[in-house]
Structures are given as C-alpha cells and as structure tokens.
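Remarks on the overall topology
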Amino acid sequence: MDTSELISYFKIKQIIGVLPKKISGIYNDSREVKQGSLFICTRGFTVDGHDFYQEAIEKGASVIVAEKQLDVDSTQATLIIVKDTFKAVAHLAAKYYNYPSSKLSVIGVTGTNGKTTVTNLIHSLLGNIGEKSALAGTIGLEIAGEQIITENTTCDVLTNQRLLDRAVKQNIDHMIMEVSSHGLSQGRLWGIDFDVVVFTNLSQDHLDYHETMEQYGYVKGLLFAQLGQDLTQDKYLVLNQDDPWYRIYSYWSPFEVISYGLQEGADFRAEKITYKRDQTQFTLESPEGTFEIRMSLLGEFNVYNILAAMAALFAKGTPVSQLVDALKDLKPINGRMEKVEIDAPVTMYIDYAHTPDAIEKSINTVLPFKDNRLIFLVGTGGDRDAFKRPFMAEKASAADYVVLTINDPRHEDPTVILKDMEKGMLHDNYTLMENRKEAISHAIDLSEPGDIIIFAGKGQEDYQIVGSEKVPHSDLEIAKEHCLIKYNA
Ligand SMILES: CC(=O)N[C@H]1[C@@H](OP(=O)(O)OP(=O)(O)OC[C@H]2O[C@@H](n3ccc(=O)[nH]c3=O)[C@H](O)[C@@H]2O)O[C@H](CO)[C@@H](O)[C@@H]1O[C@H](C)C(=O)N[C@@H](C)C(=O)N[C@H](CCC(=O)O)C(=O)O
Ligand SMILES: Nc1ncnc2c1ncn2[C@@H]1O[C@H](COP(=O)(O)OP(=O)(O)OP(=O)(O)O)[C@@H](O)[C@H]1O
C-alpha cells in the first residue's frame with residue numbers, strides 16, 4: 001500500500017520531508033524497528049514513545065509519526081505530525097494489515113474470572129470439531145500450533161492487528177481473544193471487528209486501576225459497545241444471566257443476547273449438577289433440547305465456563321449436539337482446579353484463584369466431596385491491588401485451615417502484604433509464611449490422610465516475580481516433591 005494512502009485518514013496532519021512511497025512495516029516499540037519502517041510515538045502511562053524516536057531512526061525508521069515537532073533530520077526520516085498518535089496507531093495498524101479481523105471470526109471473552117478458561121475451552125471445542133482457531137490471552141498466544149509468550153493478557157493495538165493478520169495468512173477460521181479491562185481502557189482492542197463477545201462475571205478486582213466497581217463495570221461494557229451498530233452483520237452477545245451486570249450489558253448493543261446460567265430463563269442452563277473429585281455432571285437445557293453432560297472440569301464455576309463456551313459456539317452456528325460430542329475429549333485447563341496427579345492419601349489441587357470471588361468459588365468446588373479437612377493456601381501479589389487482600393483472606397477463612405503467603409512479591413515488603421491479608425481473617429485458623437515454597441511444604445506437613453489441599457494464586461505459572469526478576473517456581477512441582485517426603489507417595 002502507498003504510504004500516502006496509509007495516512008490519508010488523518011485530516012489534521014503536517015508532513016515534514018518527502019514521504020517514501022512504501023514502508024517496510026509499522027512499529028510503536030523502538031526496540032523492534034526495522035530498516036525502512038514507520039515508527040509511531042505513542043504515549044504510555046509510565047513511558048512516552050516520543051522519547052524513543054532517535055533510537056527508531058538509528059535503527060532505520062524512514063517515517064516518524066508523532067504528536068509534536070521533533071528534531072528529525074528530514075534527509076534521514078520524514079516526520080508526520082498528527083493530532084493523536086494513540087488513536088492513529090489503531091488506524092495505521094488496521095489499514096496496514098488490511099483489516100484482518102473482518103476476514104475471520106473473532107470471539108472476545110471478558111469478565112473478572114474465567115477468561116482464560118472460557119477461551120481455552122472454545123479453542124479446544126473448535127479443535128475437536130475440526131475447525132482451526134488461534135488463541136490470545138494470559139497463557140500467551142497460540143497460532144497454528146506455535147506458542148508465543150506475551151507480557152499482557154490483552155496485547156497492544158498494533159500487536160493485535162499483526163496477530164490477526166498472521167492468523168488470516170495461516171487460513172485460521174477463528175481468533176479467540178481474552179479481553180482485559182486494562183486492554184479495553186487503553187484502546188488495545190480498537191479496530192477489531194468482533195463477531196461474538198462473551199461476558200463471564202464481574203467481581204472485585206483491579207480497583208487500584210479502575211478505582212470503583214462502577215468504573216470497572218463500565219470499562220468492561222466497552223467490549224459490548226465495540227460490536228457496533230451495523231445491523232446488516234450477524235453478531236452476538238453471550239452473557240451470564242446470573243450476574244447483576246447482565247441486564248446493563250444487554251443494552252450496550254443492539255445484537256441478540258444468548259444467555260447462560262443456572263437460573264430459569266437462560267438459553268443455556270445447567271441443572272441437576274453433581275460434583276465429584278475428578279468430574280462434574282449436569283443436565284443441559286439448550287435451545288436445541290436437553291443433553292446429559294459429563295466433564296473432567298471441576299466446580300460450579302466451570303459449569304458456567306462450559307455453558308459460556310458452548311453458547312459462544314452455538315452463536316457461531318455450531319449445533320449443540322456437535323458441541324456435546326466435542327466435550328467428551330475435553331481436558332482440564334492447566335492450573336485451574338487442576339488435580340495434582342500423585343498417589344497420596346490427600347487430594348491436592350492447583351488453582352489460579354486470585355480474586356475474592358475466585359477464592360470463594362475454589363473452596364465451594366470441593367465442599368460437596370470434602371470428608372475431612374480443607375487446607376487452603378493462598379497468596380496475593382506485591383505492588384498492585386492492595387484493596388483486595390483482606391477480602392481474599394476473608395473468603396479463605398471458610399477453609400478449615402489457611403496458609404497465607406505471597407504470589408509475586410515484586411518490589412513490596414512481603415510482611416506488609418501478609419499483614420494486609422491478615423486483616424481479613426475471620427478465625428485464628430491460619431499461619432503466615434512469606435516464602436511460598438516453604439508455605440506449600442507447611443500446608444502438606446499439616447495435612448492428614450483424607451484431607452484436601454488447594455494451592456491458590458499461581459496456577460500453572462512456572463515463575464515468581466521477585467523485584468523485577470522472574471525466579472523459577474512451580475506450585476505443582478513443589479507440591480509433588482514435598483508430598484513424596486511426607487507421604488512417600
Ligand atoms: C499500567 C499498564 O497497563 N501499562 C501498560 C502500558 O504501558 P505504559 O503505558 O507504561 O508504557 P508502554 O506502552 O510500555 O510505553 C509507551 C510506548 O513507548 C514505547 N517504547 C517503550 C520503551 C522503549 O524502549 N521503546 C519504546 O518505543 C512502547 O512500545 C509504547 O508504544 O501499555 C503497555 C502496552 O500495551 C502494556 O504492556 C503495559 O502493561 C503493563 C506491563 C502491565 O502490567 N499491565 C497490567 C496491569 C495489565 O494490563 N493487565 C491486564 C490483565 C489484568 C488481568 O485480568 O489480570 C492485561 O491485559 O495484561
Ligand atoms: N466463571 C468463573 N467464576 C468465578 N471464578 C472463576 C470462574 N472461572 C474461573 N474462576 C476462578 O478464577 C481462576 C482464574 O481463572 P481464569 O484464569 O480462567 O480467569 P481469568 O479471567 O483469565 O483470570 P486473569 O485475567 O487474572 O488471568 C480459576 O482458577 C478459578 O479459581
């Protein structure tokens with residue numbers, strides 16, 4: 001595409017220098033810039049891309065897009081000044097990659113808890129019915145079998161367009177995206193033409209960033225508004241009918257709502273649920289009739305997640321009977337109520353619960369089959385969202401014994417994190433332990449045959465963030481190793 005056509009959208013612009021006819025790529029990160037490319041300076045929250053234009057020129061950028069006059073030698077690079085680079089990057093990226101999201105189906109999943117699980121379930125179900133999908137979320141990216149680690153749950157606006165383009169070029173049918181509230185509030189999803197958007201639930205989280213639950217809820221709603229108003233298109237909202245935000249979100253978009261939940265009236269509804277140690281059964285009432293479901297995922301929250309995934313694919317046109325068949329080979333999602341497979345007299349689970357609601361759901365999962373005690377280990381992270389710490393501990397108090405520890409200390413004093421959590425404890429049935437490895441061993445040492453132990457907060461992650469460093473750490477490996485010592489299992 002001609003560079004002049006690429007920038008034709010911007011009404012308010014000044015061009016200093018001669019515009020090259022072509023560019024080799026678009027970048028907003030100076031560290032990635034290639035010879036003959038366009039570098040756009042975007043303002044961040046803590047960093048301003050305008051500080052990196054020299055580095056971009058040194059690496060060969062031939063066009064710099066900025067919001068202000070910069071000291072650019074016009075024989076080296078052409079400077080384009082636009083009104084708002086934050087918005088400009090969305091337009092440039094979508095146009096440069098030729099609007100890839102309109103060439104495949106895009107399913108976006110948002111909500112406080114369950115995004116990773118639902119996106120992975122959709123991805124697995126699609127695989128089981130022979131359709132190709134790519135996945136973007138907390139666990140990273142998966143495109144055509146290739147795994148790529150990413151820093152954020154929801155990538156930045158330019159990376160998203162690049163990924164969509166890559167998926168289109170690989171003939172992938174669907175892109176399944178986790179949509180975080182940070183991503184929505186920072187415009188990382190701009191320019192994406194979603195076909196189906198899914199809402200899991202909303203509960204307390206990220207109030208260091210959004211300040212109030214109302215603001216958090218409204219930011220989540222941006223995803224539903226992003227479906228647009230073009231009624232010639234088939235688009236759907238898949239909403240959890242049992243969540244208080246259901247009614248509000250259903251009016252954020254003119255498109256049809258497909259609801260799911262456990263209450264009367266939901267289009268996808270689970271009833272007669274039986275919870276076991278390693279499987280869950282329920283009766284599914286769906287728009288295409290009643291089906292008996294048996295799945296290896298545990299807990300009521302996963303019943304919601306499976307309903308959400310099925311409703312999303314039903315919205316895309318897959319018959320429910322085909323989805324029910326596809327469920328048979330479904331594997332549990334790593335680190336989400338994942339049973340530790342070890343031959344010991346205790347039952348252990350690793351769970352990524354790191355919000356008050358998720359902790360409550362995690363504990364509730366095992367209550368139906370708990371014969372002895374539940375020991376619950378839980379941590380919170382440093383440097384962020386201190387508000388939720390006492391509420392997490394309060395929910396954890398429902399266990400018979402609690403070990404409070406740290407997920408990722410980052411730069412914060414661990415004793416402060418533990419003290420914040422301790423404020424929420426309702427009973428004196430707990431120990432505070434800074435070192436997560438020792439805390440896991442301690443929880444196992446406290447156990448007796450017949451007990452259940454849940455290690456919550458880190459899920460499948462294989463590191464802890466200490467300061468700015470990622471230090472190797474795996475709850476699963478530590479639990480297995482220590483169980484061997486305690487039970488010779
Ligand atoms: C507070 C926050 O959300 N910060 C996000 C924000 O960073 P930022 O504004 O500080 O600055 P920046 O984007 O790094 O830098 C600004 C510009 O300078 C450029 N730059 C920067 C450095 C350099 O050497 N050269 C250069 O050109 C950058 O490429 C960028 O264009 O924009 C970045 C790009 O999108 C994000 O990676 C970054 O997320 C940080 C790492 C983060 O931790 N965010 C968390 C809070 C977050 O977003 N979490 C949600 C999931 C939450 C959940 O559900 O659990 C997520 O989606 O990951
Ligand atoms: N539908 C749900 N309702 C409530 N809690 C849930 C639900 N699904 C999962 N959880 C809990 O939340 C934890 C994290 O699940 P998951 O990773 O799927 O959520 P997420 O929204 O992707 O989280 P994050 O954005 O922080 O990565 C699980 O381990 C479980 O404890």
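All chains use their own residue numbering, which begins from 1 and follows the written sequence. A letter from A marks each chain and a number from 1 marks each ligand, given out in the order of writing. pLDDT decides what is reported in this predicted model: residues at 70 or higher carry local features, side-chain atom pairs at 80 or more are listed and counted, and totals for whole chains, interfaces and linings draw on all residues regardless.

A separate point is unusual backbone geometry. You will see that Glu211, though not glycine, has its phi angle at about 75 degrees, which is positive. Turning to its location among the elements, Glu211 is positioned in the loop between helix 7 (207-210) and helix 8 (213-225). Glu211 sits in the exposed class, given 11 other C-beta atoms within 10 Å. Positive phi values are uncommon outside glycine, yet Asp385 reaches one of about 45 degrees. Helix numbering and strand numbering both begin at the N terminus, where a helix is a DSSP run of H or I of at least 4 residues and a strand a DSSP run of E of at least 2. Once C-beta atoms are placed from the backbone, each residue is buried if 20 or more other C-beta atoms lie within 10 Å of its own, exposed if 12 or fewer, and partly exposed for counts between those two.

Here we take up the sheet that holds strand 6 (residues 105-110). In short, DSSP must find at least two bridges between two strands for them to pair. Read from one edge of the open sheet, eleven strands run 9-8-7-10-6-11-12-13-14-15-16, paired in mixed fashion. For this open sheet the edge positions go to strand 9 (146-148) and strand 16 (289-295), each flanked by a neighbour on one side alone. Strand after strand, the sheet turns through a mean of 15 degrees between neighbouring axes, direction not considered. Note: strand 6 against strand 10 (residues 174-178), five bridges, orientation parallel. Bridging from a neighbouring strand, Val109 pairs with Glu178 of strand 10. Across the face of the sheet, helix 11 (residues 320-327) comes into contact with strand 15 (280-286) and strand 16 while running at roughly 15 degrees to strand 16. Lines fitted to the C-alpha atoms define the axes, with helices restricted to the stretch that makes contact. Angles between their N-to-C directions range from 0 to 180 degrees. Contact between two residues is assigned whenever their backbone-derived C-beta positions fall within 7 Å.

The subject of this paragraph is the site of ligand 1. In the vicinity of ligand 1 there are 21 residues, among which Asp29, Gly44, Asn152, Ser180 and His182 approach most closely. Side-chain classes follow a simple rule in which Ala, Val, Leu, Ile, Met, Phe, Trp, Tyr, Cys and Pro form the nonpolar group, Asp, Glu, Lys and Arg form the charged group, and the remainder, Gly included, forms the polar group. In terms of residue class, the shell around ligand 1 is built from three nonpolar, 13 polar and five charged. Residue-level mapping places the shell around ligand 1 at the junction of two domains, with at least three residues from each of domain 1 (3-96) and domain 2 (100-327). For each residue, a C-beta atom is positioned from the backbone; the residue is called near a molecule or strand if that atom sits within 6 Å of it. Just so you know, the domain bounds were taken from an automatic or database domain assignment.

Given 3.6 residues per helical turn, the α-helix brings residues three or four places apart onto the same face. Across its 13 residues, helix 16 (residues 475-487) extends 17 Å between first and last C-alpha, which sits within 8% of the 18 Å expected from 1.5 Å per residue. When we look at burial in helix 16, the residues that qualify are Asp475, Leu476, Ala479 and Cys483. Looking down the long axis of helix 16, one finds its buried residues gathered within 90 degrees of arc, a one-sided arrangement. The inward-facing, buried residues of helix 16 contact strand 18 (347-351), helix 15 (436-446) and strand 22 (452-456). One or two residues past the end of helix 16 sits Asn488, with phi positive at roughly 55 degrees. Helices are assigned an expected span. That span is 1.5 Å times one less than the residue count. To be clear, the arc concerns the directions from the helix axis to the C-beta atoms.

The next point concerns the sheet that holds strand 2 (residues 26-27). Here we have five strands laid out as an open sheet, ordered 1-5-4-3-2, and mixed in their pairing. For this open sheet the edge positions go to strand 1 (13-16) and strand 2, each flanked by a neighbour on one side alone. Strand direction decides the pairing type here: strand 2 and strand 3 (residues 38-40), joined by two bridges, are parallel. If you follow Tyr27 over to strand 3, its bridge partner there is Phe39. Contacting strand 2, strand 3, strand 4 (63-66) and strand 5 (78-82), helix 3 (residues 85-96) crosses the sheet at an angle of about 145 degrees to strand 3.

UniProt positions are given in the numbering used here, feature names are shortened, and annotations may be inferred rather than shown by experiment. Per the UniProt record, "modified residue: N6-carboxylysine" (unreviewed entry) is found at Lys220. Structurally, Lys220 is set in helix 8. Sequence-distant contacts of Lys220, defined by excluding residues within four places in its chain, comprise Thr110, Ser181, Leu184 and Leu202.

With that settled, the discussion passes to the environment of Arg188. Tracing the backbone shows Arg188 in the loop between helix 6 (181-185) and strand 11 (196-199). Look at Arg188 and you get buried, because 22 C-beta atoms sit within 10 Å. Once the C-alpha coordinates of Arg188 and Leu6 are considered, the two residues, 182 residues apart in sequence, prove to be 20 Å apart. Excluding its chain neighbours within four sequence positions, the residues that come into contact with Arg188 are Thr154, Cys155, Asp156, Val157, Asn160 and Gly183.

Around ligand 2, the surrounding shell holds 22 residues, and the nearest of these are Asn113, Gly114, Thr116, Thr117 and Ala353. Of all elements in the fold, only helix 4 (115-128), helix 10 (300-315) and helix 12 (356-366) reach the threshold of two or more residues within the shell around ligand 2. When residues of the shell around ligand 2 are assigned to their parent elements, the largest contribution, four residues, is made by helix 12. In terms of residue class, the shell around ligand 2 is built from five nonpolar, eleven polar and six charged. No fewer than three residues from each of domain 2 (100-327) and domain 3 (338-487) sit in the shell around ligand 2.

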